[in-house]
Amino acid sequence: MTPERFAKIQQVLALRQPTLSVLMDEVNKPHNFSAILRTCDAVGVLRAYAVPPKNGDVPTFNATSGSAEKWVAVERRENAVSAVRELQAQGVQVLATHLSQRSVDYREMDYTRPTCILLGAEKWGVSDEAADAADANIIIPMFGMVQSLNVSVAAATILFEAQRQRLAAGMYAASQLPAAELARLTFEWAYPDLAPLYRESQESYPALGKQGELPVAAETQQP
Ligand code: SAM
């Protein structure tokens, strides 16, 4: 762990937005899934939720050094409607990207509120049930011959509007993560090989030095 790498990790974690997320409902193409996570990383989304496609699993790539999968936690959910309700119970507004009678232009929403963007499957879109359960339905206006955007393009368009609003509101100016979570993530990002060993042995992560260095004891004796 170089001091530069550690500084970069701290800088990125300080910009993470725990109150902004996406819920991918049966997004089945790995390149779309990966592109959405890459945008999440760029905007500062901390956590994404994914409902696996009916005939498959949540698409994943082996994490290569440049891949966003390493930096955005993906939590699996079995069903979009129950995931929507779970988020709402936590005070999160769920905005379904869905064309319906009540759809509004995505720019009309307030993304400084705790928000989750519900994205639909490439083939079917968001189900009517999940769209009904959501707090609002939003669309990106389309003026061309084609009816819809690629799901990763739609995700990026909306997430960067959220970033714009949050920047204006000063939400990137100070860390949004509670101190304990910040310390946990800092260790896990800095020492991804060591962190699972601590978890398996149910030991707390050691406190790191100012430049990310391990305490001498942890260097010589691993859990
Ligand atoms: N045939 C599908 C339908 O009727 O919804 C098209 C799905 S579209 C290719 C895949 C996903 O991209 C949608 O479920 C939505 O999440 C997002 N999307 C695409 N175009 C959009 C737009 N103009 N506004 C909002 N979301 C859009």
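Going by the structure above, here's the rest.
Note that the structure is predicted; figures quoted are calculated from it, not measured.

### Regarding the overall build of the protein
- Scanning the protein for helices and strands turns up 8 helices and 7 strands.
- Taking 2.2 N^0.38 as the reference for a compact globule, 223 residues should give roughly 17 Å; the C-alpha atoms of the protein span a radius of gyration of 19 Å, in line with that estimate.
- Overall, the protein is about 60 × 40 × 35 Å in size when its C-alpha atoms are taken along their principal axes.
- By residue count, 45% of the 223 residues in the protein fall in the buried class.
- Summarising the internal contacts of the protein: among those between residues at least 6 apart in sequence, 75% fall at separations of at least 24.
- Charged side chains of the protein number 20 positive and 25 negative; the gap between the two group centres comes to 3 Å.

### Some points on the nonpolar core
- Counting 31 residues, the largest nonpolar core has Val22, Met24, Ile36, Tyr111, Ile117, Leu119 and Leu159 as its most contacted members.
- In terms of residues, this core owes the most to one element, helix α5 (residues 151-168), which gives 6 residues.
- With residues up to four places along the chain from it excluded, the contact list for Val22 reads Ile36, Cys40, Arg47, Ala48, Tyr49, Cys116, Ile117, Leu119 and Leu159.
- In terms of nonpolar packing, the next biggest core, distinct from the first, is built from 18 residues, Tyr49, Val81, Ala96 and Cys116 among them.

### Things to note about the site of the ligand
- The environment of the ligand is formed by 17 residues, the closest being Thr97, Gly120, Gly125, Ile140 and Leu149.
- Residue Thr97 places a side-chain N or O atom 2.6 Å away from an oxygen atom belonging to the ligand.
- Within the backbone of Ile140, an N or O atom sits 2.9 Å from a nitrogen atom of the ligand.
- For the ligand, whose unbound accessible area comes to 570 Å², protein coverage reaches 76%.
- Within the residue set of the shell around the ligand, elements represented by two or more residues are β7 (136-139) and α5.

### Notes on α5
- Under the 1.5 Å per step criterion, the end-to-end length of α5 is 26 Å for 18 residues, consistent within 8% with the ideal 26 Å.
- Among all positions in α5, only Val151, Ser152, Ala154, Ala155, Ala156, Ile158, Leu159, Glu161, Ala162, Gln163, Gln165 and Arg166 are buried.
- Buried residues along α5 sit in contact with β1 (17-25), α2 (30-43), β2 (45-51), β4 (93-97), β6 (115-119) and β7.
- Gly170 lies just past α5 and shows a positive phi near 75°.

### Notes on the environment of Arg5
- On the secondary structure map, Arg5 appears in helix α1 (residues 3-14).
- By relative accessible area, which is 41% here, Arg5 ends up partly exposed.
- Residues Arg5 and Gly212, 207 residues apart in the sequence, show an inter-C-alpha distance of 8.8 Å.

### So, the packing of aromatic side chains
- This model, assessed by the stated rule, comprises 5 aromatic pairs.
- With a centroid separation of 4.5 Å and 20° between ring planes, the pair formed by Phe187 and Tyr205 is classed as stacked. In this pair, Phe187 sits in helix α6 (residues 179-190) while Tyr205 sits in the loop between α7 (195-200) and α8 (216-220), placing the two residues 18 residues apart along the sequence.
- Exposure remark for Tyr205: the relative accessible area of 21% places this residue in the partly exposed category.
- Considering the side-chain rings of Tyr198 and Tyr205, the 6.2 Å spacing of their centres and the 80° angle between planes classify their relative orientation as edge-to-face.
- Here a set of aromatic residues connected by ring pairs shows up, and it is made of Phe187, Tyr191, Tyr198 and Tyr205.

### Notes on the side chain of Gln165
- Among the secondary structure elements, Gln165 is positioned in helix α5.
- In this structure the side chain of Gln165 is engaged in a polar contact, spanning 2.9 Å, whose partner is the backbone oxygen of Met109.
- Other than its neighbours up to four places away in sequence, Gln165 contacts Arg107, Met109, Asp110, Tyr111 and Thr112.

### Concerning α2
- When the terminal C-alpha atoms of α2 are compared, their 20 Å separation across 14 residues agrees well with the 20 Å that a helix rising 1.5 Å per residue should span.
- Buried within α2 are the following residues: Asn32, Phe33, Ser34, Ile36, Leu37, Thr39, Cys40 and Val43.
- Buried residues along α2 sit in contact with β1, β2, β3 (73-76), β6 and α5.

Definitions and cut-offs
Residues numbered from 1 in each chain as written. Predicted model: local features only at pLDDT ≥ 70, side-chain atom pairs only at ≥ 80, totals over all residues. Heavy atoms only, no water. Helix = DSSP H or I, 4+ residues; strand = E, 2+ residues; numbered from the N terminus. Rg over C-alpha atoms; globule rule 2.2 N^0.38 Å. Buried < 20%, exposed > 50% of the residue type's maximum accessible area, 1.4 Å probe, protein only. Contact = heavy atoms within 4.5 Å. Lys, Arg positive; Asp, Glu negative; His and termini not counted. Charge placed at Lys NZ, Arg CZ, Asp CG, Glu CD. Core = buried A, V, L, I, M, F, W, Y, C linked by side-chain atoms within 4.5 Å. Near = heavy atom within 4 Å. Polar contact = N/O pair within 3.5 Å; in protein donor to acceptor, adjacent residues only side chain to side chain. Areas by Shrake-Rupley, 256 points an atom, 1.4 Å probe, with all protein chains shown as cover. Expected span 1.5 Å × (residues − 1). Phe/Tyr/Trp six-rings, centres within 6.5 Å; stacked < 30°, edge-to-face > 60°.

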